[in-house]
Amino acid sequence: MMEKLPPLAKVFEAWSALADGRVALDAEERRASVASSNGAKAYTVAWSEDGAVYSSNDSATYWQGYAGYPVITVLMTQGRLPFDRAMADGFAHVNWTELNERHRRDYAAAVREVVDERGLDAAQADAAAHEALDALAALDIGIKRGSVRPPRAKKD
């Protein structure tokens, strides 16, 4: 079982990555690449042969020790977590990097802004996100930092 669960907002970020098609899975190599919401970074997610351990070099997984949105994105792609396509489409093309900075890392406030601006059903989105987070909590997997430090944003 996971020692630490991510904030609920990481589910919304995973939905955005899936809606935007920012994940490239290589099942044979047991790794995936997930591009950041602003395209400045790409994270590497890897998993053990038995699927019991996942690692990633995104900042949340690497520094905070919980499954960051790239790990959640991969688990959804693999069918190990529920994925609500219609809900995810409501979160397409969100620049979470900029939004989270503007909200000073208040992830819930960033999600509220997207929900309000797009006129999404907040209760429905919250329920679907909680379903995914509860499923994540129930998975018998370990999370560890990737072997490579988190990437730095490309400078213009």
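Right above here is the structure, for reference.
Below, the structure is looked at part by part. (Residues numbered from 1 in each chain as written. Predicted model: local features only at pLDDT ≥ 70, side-chain atom pairs only at ≥ 80, totals over all residues. Heavy atoms only, no water.)

## What to know about the pairing of strand β3 (residues 42-47)
Short version of the rule: DSSP calls a pair of strands paired once it identifies at least 2 bridges connecting them. For the purposes of this entry, the term helix denotes a DSSP run of H or I that reaches at least four residues, the term strand denotes a run of E that reaches at least two, and both are numbered from the N terminus.
Taken together, the five bridges between strand β2 (residues 31-35) and β3 define a ladder with antiparallel strand orientation. Bridge pairing in β3 places Ser 33 opposite Thr 44. Here β2 folds back onto β3 in antiparallel fashion, the turn holding six residues, of which Gly 39 has a positive phi close to 75°. Looking at chain direction, β3 and strand β4 (residues 53-56) are connected through three bridges and run antiparallel.

## Regarding the side chain of Lys 10
Selection criterion: The cut-offs for exposure are 20% and 50% of the maximum accessible area for each residue type, with area from a 1.4 Å probe on protein chains only; residues under the lower value are buried, those over the upper are exposed, and the others partly exposed. Contacts are assigned to residue pairs that have any heavy atoms within 4.5 Å of one another.
Position of Lys 10 among the secondary structure elements: in helix α1 (residues 9-19). When its relative accessible area of 7% is taken as the criterion, Lys 10 is described as buried. When residues no more than four places from it in sequence are discounted, the contact partners of Lys 10 are Tyr 66, Tyr 69, Ile 72 and Tyr 107.

## As for the sheet that holds β3
Note the threshold: Axis lines are fitted to C-alpha atoms, over the contacting stretch for helices. Their N-to-C directions set the angle, which ranges from 0 to 180 degrees.
Spatial strand order, β1-β2-β3-β4-β5: five strands in an open sheet with mixed pairing. For this open sheet the edge positions go to β1 (23-26) and β5 (142-145), each flanked by a neighbour on one side alone. Along the sheet, successive strands turn relative to each other by an average axial angle of 20°, direction set aside. Here β1 runs beside β2; their pairing, made up of four bridges, is antiparallel. Across the sheet, residue Ala 24 finds its bridge partner in β2, namely Ser 33. Packing of helix α3 (residues 69-77) onto the sheet brings it into contact with β1, β2, β3, β4 and β5, and relative to β3 it is tilted by some 55°.

Coordinates in, geometry out; function isn't part of it.
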